[in-house]
Amino acid sequence: MNKRLVACFDIVNGRVTKAKQFQDNIDVAPAEELAVSMMEAGIDELIFFDVFASAEKRPIDIEMVRKVAARVTVPFTVGGGIKTLDDMRLALEAGADKVSIDSMAVRNPQLIADAAKAFGPQSVVLSTQVRRETKMPCGYEVYIDAAKLATGMDAMEWLRRGQALGAGEICVNSIDCDGTLAGYDLELMKKTEAAVTVPLIASGGAGKPEHLKELFKTTRAEAAIISSMLYSPRMERNYTVRELKEYLQENGVAIYPWAAV
């Protein structure tokens, strides 16, 4: 199966920002413009997280979803502020291909099952923010509300439950590695792949092409989030999608071929 490269946007007031370990967000660009730019560069998928929607107790910015859907043709997922089936329906009707649920799924796990039944498991992504914590059986704890609130939940136990409830895909973000550019938490991904069988998206830590190679060669992650590498002001240099895909192909990773729009 071909691996996928995913551009992930943390959205604040309709603009893409870049944080390090979920703090100190730096403004980057309007979400719609950057989405089109990434599509034209040949990215496989897009993910949009309205990062403060849940913490601020407001719905996702549906108008932003509509604007992006009107201009991009690659699959895209949206998350943040998704509290009910109606919220999901609005996002999907606005043009999103999949909906990501995180904080509200922890607060109301039945939402996963209801969403899978209503829209199909393929439309439901369980996104989870985790941090290393030795007191947890698996060594990782689940956090919610933009990684600000510890839940006391063991990460692998939660992911197994999420899969059982009907999540069709799981995105695991390492809070410890997020924005550090030091590489993915491979130990976390290996524990995750041993716990669940649905497709996995790895997030947090990519800073150079070698990190993608290590991820895809040593784990069964089917997709990798690479936001910092593509557009972060914190990078000494940004990489193009073409550079990354050609590097992976040259190193024996099955990846969707580069194709600019």
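Further up the page is the structure itself.
Remember, it's a predicted structure, so these values are computed and weren't measured experimentally.

Chemist: So what's going on with the environment of glycine 168? Residues and values would help.
Modeler: Relative to the helices and strands, glycine 168 is located in the loop between helix H6 (155-165) and strand S10 (169-174). Under the relative-accessibility criterion, glycine 168 is labelled partly exposed at 21%. Separated by 56 residues in sequence, glycine 168 and isoleucine 112 place their C-alpha atoms 9.7 Å apart. The residues touching glycine 168, leaving out its near neighbours within four places in the chain, are Pro121, Val124, Val198 and Pro199.

Chemist: Run through helix H5 (residues 110-119), naming residues and quoting values.
Modeler: Among the residues of H5, Leu111, Ile112, Ala113, Ala115, Ala116 and Phe119 are the ones counted as buried. Contacts made by the buried residues of H5 are with helix H3 (85-93), strand S6 (98-101), helix H4 (103-107), strand S7 (124-132) and H6. Positioned one or two residues after H5, glycine 120 has a phi angle of 95°, which is positive.

Chemist: Which residues make up the pattern of salt bridges, and what values do they have?
Modeler: This structure, assessed with the given rule, holds 14 salt bridges. The partner of aspartate 86 in a salt bridge is arginine 89, and the shortest N-O contact between them spans 3.0 Å. Of the two residues, aspartate 86 and arginine 89 both sit in helix H3, three residues apart, roughly one turn of that helix. Residue arginine 89 is classed as partly exposed on the basis of its relative accessible area of 33%.

Chemist: Can you explain the nonpolar core? Please cite residues and give values.
Modeler: Among the nonpolar cores identified, the biggest contains 77 residues, and Phe9, Leu46, Phe48, Leu212 and Ile226 are the most heavily contacted of them. Per element, the largest residue contribution to this core is six residues, and it comes from helix H1 (residues 31-41). The contact partners of phenylalanine 48, leaving out residues within four places of it in the chain, are Phe9, Ile11, Ala31, Ala35, Met64, Val68, Phe76, Thr77, Val78 and Gly79. Listed in part, the 10 residues of the second largest apolar core include Cys8, Ile47, Phe49 and Ile225.

Chemist: Got a sec to walk through the pairing of strand S1 (residues 4-12)? Specific residues and values, please.
Modeler: The buried fraction of S1 amounts to eight of the nine residues, a majority that puts the element mostly inside the structure. One ladder, built from three bridges, connects S1 with strand S12 (residues 223-225); its direction is parallel. Bridging across to S12, valine 6 finds its partner in isoleucine 225. Relative to strand S4 (residues 45-50), S1 runs parallel, the two sharing six bridges. Its bridge partner being in S4, aspartate 10 is matched across the sheet by phenylalanine 49.

Chemist: For the pairing of strand S8 (residues 140-144), give the residues involved together with the corresponding values.
Modeler: With five of five residues buried, S8 lies mostly within the body of the structure. Burial of the side chains of S8 extends over both faces: Tyr140, Val142 and Ile144 are buried on one face and Glu141 and Tyr143 on the other. With four bridges joining them, S7 and S8 adopt antiparallel strand pairing. The residue bridging arginine 132 from the neighbouring strand is tyrosine 140, located in S8. Counting the residues in the hairpin turn of S8 and strand S9 (residues 149-154) gives four residues, including aspartate 145, whose phi is positive at 55°.

Chemist: Would you mind going over the side chain of aspartate 102 in detail, with residue names and values included?
Modeler: Its location among the elements puts aspartate 102 in the loop between S6 and H4. Arginine 107 provides the closest opposite charge to the buried, salt-bridge-free aspartate 102, at an N-O distance of 8.1 Å. Within the local environment of aspartate 102, its side chain forms a polar contact with the side chain of glutamine 129, the two groups lying 2.7 Å apart. What aspartate 102 contacts, discounting residues up to four positions off in sequence, is Ser127, Thr128, Gln129, Tyr143 and Ile144.

Reading the values: rules and limits
Residues numbered from 1 in each chain as written. Predicted model: local features only at pLDDT ≥ 70, side-chain atom pairs only at ≥ 80, totals over all residues. Heavy atoms only, no water. Helix = DSSP H or I, 4+ residues; strand = E, 2+ residues; numbered from the N terminus. Buried < 20%, exposed > 50% of the residue type's maximum accessible area, 1.4 Å probe, protein only. Contact = heavy atoms within 4.5 Å. Salt bridge = Lys/Arg side-chain N within 4 Å of Asp/Glu carboxyl O. Core = buried A, V, L, I, M, F, W, Y, C linked by side-chain atoms within 4.5 Å. Pairing = 2+ DSSP bridges. Lys, Arg positive; Asp, Glu negative; His and termini not counted. Polar contact = N/O pair within 3.5 Å; in protein donor to acceptor, adjacent residues only side chain to side chain.

Just geometry here; none of it tells us what the structure is for.
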